[in-house]
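Take a look at the letters that make up each chain.
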Amino acid sequence: MAIRTIITEPNKLLRQISKPVNGVGKEEQKLMDDMLETMYDANGIGLAAIQVGILKRLIVIDISKGEEKKNPIFLINPSIVHQSKKTSVYEEGCLSLPGQFAEIERPAECTLKYVDLNGKQKELKAEGLLATCIQHEMDHLEGILFIDYLSKLKRSMIIKKLSKLKSSPAKL
Ligand code: NI
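Let me sum up the structure you'll find in this document. (Residues numbered from 1 in each chain as written. Predicted model: local features only at pLDDT ≥ 70, side-chain atom pairs only at ≥ 80, totals over all residues. Heavy atoms only, no water.)

**Examining the coordination of the nickel ion**
Consideration 1: Bound to the nickel ion on the protein side are Cys 94 (SG), His 136 (NE2) and His 140 (NE2), at distances that span 2.1 to 2.3 Å.
Consideration 2: Each donor residue of the nickel ion belongs to the same chain, with the gaps between them written as C-x41-H-x3-H. Taken as a pair, Cys 94 in the loop between β4 (87-92) and β5 (102-107) and His 136 in helix α2 (residues 128-141) lie far apart in primary sequence, 42 residues in all. In this structure, Cys 94 and His 136 share a single accessibility class: buried. (Donors = N, O, S within 2.8 Å, 3.2 Å for Na, K, Ca; no water. Helix = DSSP H or I, 4+ residues; strand = E, 2+ residues; numbered from the N terminus. Buried < 20%, exposed > 50% of the residue type's maximum accessible area, 1.4 Å probe, protein only.)

As structure tokens, this is what we get:
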């Protein structure tokens, strides 16, 4: 396993649409292992392949906390088959938007189909934080970031802040 570099906003790559994966082989498994290690290293609960610069419809998620047993979920070519009308609000962050957080409203429950790490078709019904996390990560596959749900003003303020951060000299 290896830790990969996480791409941060502003970066045009984050706005690309990821491509479906044809079959699950060693390459996909290695990439998802790297993604999981990268996500744990950054203290994240979800990561899409595009965030490490790879335009594939792959997602890793683990919402287990601190001392709890790790519980990684690997989603390949996920698609949502149902979303509840009921919504919930969570404060979201994103490894591609370091230091930025906002309350985002999304469907409270979702059901999805996906292929697992062994190439098997699966279905998953999610609620609570997991449902929010899945929908946030699936947005990445469409080139959507959580800041897109904010007002134009708030969004441009965040992007400005992140641009400044990028152009300031590295503190070593
Ligand atoms: Ni994100």
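**As for the nonpolar core**
Consideration 1: If you look at the biggest cluster of nonpolar residues, it comprises 16 residues, and the most contacted ones within it are Ile 59, Ile 61, Leu 75, Leu 112 and Ile 134.
Consideration 2: Looking at this core, the elements that each hand over two or more residues are β2 (58-61), β3 (73-83), β6 (109-115) and α2.
Consideration 3: With six residues, α2 is the single largest residue contributor to this core.
Consideration 4: In contact with Ile 134, not counting residues within four places along its chain, are Ile 61, Leu 75, Cys 110, Leu 112, Leu 124 and Ala 126.
Consideration 5: Ranked by size, the runner-up nonpolar core spans 15 residues in total, among them Met 39, Ala 49, Val 52 and Leu 58. (Core = buried A, V, L, I, M, F, W, Y, C linked by side-chain atoms within 4.5 Å. Contact = heavy atoms within 4.5 Å.)

**Quick notes on the environment of His 82**
Consideration 1: For His 82, the position within the fold is in strand β3.
Consideration 2: Between the C-alpha atoms of His 82 and Leu 112, which are 30 residues apart in sequence, the distance is 7.0 Å.
Consideration 3: When residues no more than four places from it in sequence are discounted, the contact partners of His 82 are Glu 109, Cys 110 and Thr 111.

**A short note on helix α1 (residues 26-41)**
Consideration 1: Relative to the 22 Å expected for 16 residues at 1.5 Å per residue, α1 spans 22 Å between its end C-alpha atoms, a close match to the ideal helical length.
Consideration 2: Taken together, the buried positions of α1 are occupied by Glu 28, Leu 31, Met 32, Asp 34, Met 35, Leu 36, Thr 38 and Met 39.
Consideration 3: Backbone geometry just downstream of α1 places Asn 43 in the positive-phi region, at approximately 60°. (Expected span 1.5 Å × (residues − 1).)

**What to know about the pattern of salt bridges**
Side-chain pairing between opposite charges can occur once the charged atoms of the two side chains come close.
Consideration 1: Scanning the model with the defined rule gives 11 salt bridges in all.
Consideration 2: Across the pair Glu 28 and Lys 56 runs a salt bridge whose closest N-O atoms are separated by 3.7 Å. Placement of the pair is Glu 28 in helix α1 and Lys 56 in the loop between β1 (46-48) and β2, with a sequence separation of 28 residues.
Consideration 3: Salt-bridge contacts for Arg 106 lead to Asp 139; the nearest nitrogen and oxygen are separated by 3.0 Å. Pair noted here: Arg 106 is in strand β5 and Asp 139 is in helix α2, with a separation of 33 residues, a long-range link.
Consideration 4: On the accessibility criterion, Arg 106 (4% relative accessible area) is buried.
Consideration 5: What makes Asp 139 buried here is its relative accessible area of 12%. (Salt bridge = Lys/Arg side-chain N within 4 Å of Asp/Glu carboxyl O.)

**Here we look at the packing of aromatic side chains**
Consideration 1: A full pass over the atoms with the stated rule returns zero aromatic pairs.
Consideration 2: Lys 70 extends its terminal NZ or CZ atom over the ring of Tyr 40, reaching a point 4.7 Å from the ring centre. (Phe/Tyr/Trp six-rings, centres within 6.5 Å; stacked < 30°, edge-to-face > 60°. Lys NZ or Arg CZ within 6 Å of the ring centre and 35° of its normal.)

The analysis is restricted to geometry; functional conclusions fall outside its scope.
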